[in-house]
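Remarks on the overall topology
Spelled out, the chains give:
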Amino acid sequence: TPRLGGLQLGVSFAPNNADIYGGESNFVAASDGQQEDILEFSVNYKMYLMDGVRLKLGYTEAEGSTVGAGADPESYGYGAQIAYQDITFGVNQTTYENLGAVSGDKYAASDDIETTNYAVVYKMGASKFGIGYTDSEETAGADNIDYQELMIGGSTKISDGVSVGYYYQDTEASINEQDADVSLVGLTLALQF
């Protein structure tokens, strides 16, 4: 919808996900294990507080009905962002329930996933620098999967449509207390035409 008084709403409906990758007809019948009547809803609110402080709040929810036996998947998330001059801080949390019903092999055994993200960004001229942290926990049958990721990076706009970026990423994953750790360093070039 158009934004009115800082408030904006969004809604989406899909009859099913039987033909998720496209095809000749939108009237494909959903079979057992697929979802129908998929409804998504979101709302966000922007406002300006005193002394140039900007605030954004958001909420989103999605759900669908599984055909035949099986749990109905749903997800919901909320977030907040506060900015003052050149510093922006944001946080969001998303919960997925019964994700295994829709995602095929990747999350086939997943009961629920809860993910929280934190980020702070500082803008200085044509450059931005930021730090982000993700904490996620998944329950998949008897398995408990914990995931944490720290990312530090930035970007600089060189000219219109051209910017370079850099980052350091450290990821730790734990499945039933068996740990794995990966670190990455990256350099990016973004071109817009």
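To keep things clear, this report deals only with the structure shown in the data block. Just so it is clear, the model here is predicted, and its values are computed rather than measured.

Across its full length, the protein carries zero helices and 10 strands. Counted from the first residue to the last, the protein has its helices and strands arranged as β-β-β-β-β-β-β-β-β-β. Here the C-alpha radius of gyration of the protein, 20 Å, is well above what a compact globule of 193 residues would show, namely 16 Å. Considered along the principal axes of its C-alpha atoms, the protein spans approximately 55 × 50 × 35 Å. Counting only residues that meet the buried cut, the protein has 20% of its 193 residues in that class. For the protein, the proportion of contacts with a sequence separation of at least 24, taken over those separated by at least 6, is 41%. Summed over its atoms, the accessible surface of the protein is roughly 13,000 Å², and 56% of this surface lies on carbon and sulfur atoms.

Looking at the secondary structure, you find L9 in strand β1 (residues 7–16). In this structure, the C-alpha to C-alpha distance between L9 and A62, residues 53 residues apart in sequence, is 14 Å. The contact partners of L9, leaving out residues within four places of it in the chain, are T1, F41, S42 and V43.

An order of β1-β2-β3-β4-β5-β6-β7-β8-β9-β10 is seen for the 10 strands of this open sheet, with the pairing classed as antiparallel. Two strands close off the open sheet at either side, each with one partner strand: β1 and β10 (178–191). The sheet shows a mean angle of 10° between the axes of neighbouring strands, direction not considered. Bridge count between strand β5 (residues 87–97) and strand β6 (residues 112–124): 11 bridges; the pairing is antiparallel. Looking at the pairing, Y96 lines up with I113 of β6.

The next point concerns a negative patch on the surface. A grouping of D111, D112, E114, D135 and E137 is seen on the molecular surface, where their side chains present a negatively charged patch. Where the negative patch is concerned, the elements lending two or more residues are β6 and β7 (127–140). Within the secondary structure layout, D135 lies in strand β7. Classification of D135 by relative accessible area gives partly exposed; the value is 34%.

What follows concerns the pattern of salt bridges. A complete count under the given rule lists one salt bridge for this structure. As a salt-bridge pair, K157 and D160 come within 3.5 Å of each other at their nearest N and O atoms. Since its relative accessible area comes to 71%, D160 is described here as exposed.

Its location among the elements puts E36 in strand β2 (residues 35–48). On the basis of relative accessible area, E36 is assigned to the partly exposed category, the value being 32%. Not counting residues within four places of it along the chain, the set of residues in contact with E36 comprises P15, N16, G64, S65 and V67.

Here the focus is the side chain of E149. Tracing the backbone shows E149 in strand β8 (residues 143–159). Given a relative accessible area of 16%, E149 falls into the buried group. A polar side-chain atom of E149 sits 2.9 Å from a polar atom in the side chain of Q169. Ignoring any residue separated from it by four or fewer positions in sequence, one finds E149 in contact with G132, Y133, T134, Q169, D170 and T171.

Let us look at the side chain of T116. Mapped onto the elements, T116 comes out in strand β6. T116 sits in the buried class, given a relative accessible area of 14%. Leave out the neighbours within four places in its chain, and T116 touches V91, N92, Q93, Y133, T134 and D135.

Procedures and definitions
- Residues numbered from 1 in each chain as written.
- Predicted model: local features only at pLDDT ≥ 70, side-chain atom pairs only at ≥ 80, totals over all residues.
- Heavy atoms only, no water.
- Helix = DSSP H or I, 4+ residues; strand = E, 2+ residues; numbered from the N terminus.
- Rg over C-alpha atoms; globule rule 2.2 N^0.38 Å.
- Buried < 20%, exposed > 50% of the residue type's maximum accessible area, 1.4 Å probe, protein only.
- Contact = heavy atoms within 4.5 Å.
- Areas by Shrake-Rupley, 256 points an atom, 1.4 Å probe, with all protein chains shown as cover.
- Pairing = 2+ DSSP bridges.
- Axes fitted to C-alpha atoms, helices over the stretch in contact; angles between N-to-C directions.
- Patch = residues over 30% accessible without salt bridge, like charges linked within 9 Å, V, L, I, M, F, W, Y side chains within 5 Å.
- Salt bridge = Lys/Arg side-chain N within 4 Å of Asp/Glu carboxyl O.
- Lys, Arg positive; Asp, Glu negative; His and termini not counted.
- Charge placed at Lys NZ, Arg CZ, Asp CG, Glu CD.
- Polar contact = N/O pair within 3.5 Å; in protein donor to acceptor, adjacent residues only side chain to side chain.

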